[in-house]
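Given next are the chains, with one letter for each unit.
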Amino acid sequence: MLDAVLLNMRLNGRIAACGMSAEHNLEEPEGVQNLRIIIHKWIRMQGFVVFDYFPQYSEFLDDVLPKIREGKIVYLEHITEGLENAPAALAGNGEFIRTCSENKLGFDDAFNYKEEKDLDAALKRCFPEGIDIYFENVGGKMLDAVLLNMRLNGRIAACGMSAEHNLEEPEGVQNLRIIIHKRIRMQGFVVFDYFPQYSEFLDDVLPKIREGKIVYLEHITEGLENAPAALAGSENVWKQLVSVSRE
């Protein structure tokens, strides 16, 4: 259902996530195949837990019910007549999802990570207290490992999912449900829209890097001859550099 909805979202659409019931009893989550769409459509997806908002429930009803009566807020429902038809009605939802998802695009795993657990362990070593803000440009197993290590109310700025560029069938993001109980905000953007602000960005960020207020990790491999193995390896979970010469 979420995959089908992502295909049909408008530009700058918003998704409030508080449950992923289709995965409750699965041994292995199906994974969300079309998450990359949040990037070029600038979609904001944010998780929340309903119990946090119970004190505002009466205000919600006062605001929303009049809009429903006036037709300003509409919803869709499918009614099946007769209790005897309930099992067939509930089991039929899959046909709608399969039909809506037929047009999914294909992408590729550019970084051949051996195991997601390797990435998870590496991130735990590098960020023992968790991740506040993550710049998403890889997707796939990397994003799954990052989601496991995000802090409460963390933020993910997504502008690329390079691990899926040439796959015929995307691997899918398995751990997306984590955005709910950790109240994570994930928002897509396209970098070209911000080029006019790039000089301002450098003025603000470079001093913080020099002062150690912003830190980054990089993995340096020596020698051009080692570049293919370095890029295809599973040990690099941060910025990968190949040093051709020290002169």
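Check the entry above for the structure.
Residues numbered from 1 in each chain as written. Predicted model: local features only at pLDDT ≥ 70, side-chain atom pairs only at ≥ 80, totals over all residues. Heavy atoms only, no water.

Caption draft 1: Just the sheet that holds strand β1 (residues 14-17), in detail. Read across the open sheet, the 5 strands follow the order β1-β2-β5-β4-β3; overall the sheet is mixed. Each of the sheet's edge strands pairs with one partner strand only, and the pair in question is β1 and β3 (131-136). Going across the sheet, the axis of each strand differs from the next one's by a mean of 10 degrees, ignoring polarity. Bridging between β3 and strand β4 (residues 150-158) involves 5 bridges; their strand directions are parallel. Bridge assignment links Glu136 to a residue of β4, and that residue is Ala158. Contacts from helix α7 (residues 140-149) reach β3, β4 and β5 (185-188), with the element oriented near 150 degrees to β4. (Pairing = 2+ DSSP bridges. Helix = DSSP H or I, 4+ residues; strand = E, 2+ residues; numbered from the N terminus. Axes fitted to C-alpha atoms, helices over the stretch in contact; angles between N-to-C directions. Contact = heavy atoms within 4.5 Å.)

Caption draft 2: Main features of α7. A large share of α7 lies buried, amounting to 8 of its 10 residues. Inspection of α7 places Gly140, Met142, Leu143, Asp144, Ala145, Val146, Leu147 and Asn149 among the buried residues, and these make up the whole buried set. (Buried < 20%, exposed > 50% of the residue type's maximum accessible area, 1.4 Å probe, protein only.)

Caption draft 3: Main features of the packing of aromatic side chains. One pass over the structure, following the stated rule, counts 8 aromatic pairs. An angle of 20 degrees between the planes, with centres 6.1 Å apart, marks the rings of Tyr57 and Phe60 as stacked. Of this pair, Tyr57 and Phe60 both sit in helix α3 (residues 57-69), 3 residues apart, which is roughly one turn of the helix. Tyr57 gets classed as partly exposed once you look at its relative accessible area, which sits at 48%. A ring pair is formed by Tyr198 and Phe201, whose centres lie 6.0 Å apart and whose planes are at 20 degrees; its orientation type is stacked. Here Tyr198 and its partner Phe201 are both found in helix α9 (residues 198-210), 3 residues apart, which amounts to about one turn of the helix. Looking at Tyr198, the relative accessible area reads 48%, which means it is partly exposed. Of the residues examined, Phe201 reaches a relative accessible area of 44% and is grouped as partly exposed. (Phe/Tyr/Trp six-rings, centres within 6.5 Å; stacked < 30°, edge-to-face > 60°.)

Caption draft 4: Focus on the environment of Val244. Along the chain, Val244 falls in the segment after β7 (239-243). Linking Val244 and Gly223, residues 21 residues apart in sequence, is a C-alpha distance of 5.0 Å.

Caption draft 5: Up close: α3. The terminal C-alpha atoms of α3 lie 18 Å apart, and with 13 residues this matches the ideal 18 Å at 1.5 Å per residue to within 8%. Note on α3: the residue one or two positions beyond its end, Gly71, has a positive phi of about 80 degrees. (Expected span 1.5 Å × (residues − 1).)

Caption draft 6: View of the pattern of salt bridges. Applying the stated criterion to the full structure yields 7 salt bridges. For Lys213, the salt bridge goes to Glu211, with nearest N and O atoms at 3.2 Å. Of the two residues, Lys213 and Glu211, both sit in the exposed class. (Salt bridge = Lys/Arg side-chain N within 4 Å of Asp/Glu carboxyl O.)

Caption draft 7: Fine view of the nonpolar core. Judged by nonpolar contacts, the single largest core of 34 residues is most densely connected at Leu35, Leu143 and Leu176. Secondary-structure elements contributing two or more residues to this core are β1, α2 (37-40), α6 (116-126), β3, α7, β4 and α8 (178-181). In terms of residues, this core owes the most to one element, α7, which gives 5 residues. In this structure Leu176 touches Leu2, Met20, Val32, Leu35, Met45, Leu147 and Met186, once residues within four positions along its chain are discounted. (Core = buried A, V, L, I, M, F, W, Y, C linked by side-chain atoms within 4.5 Å.)

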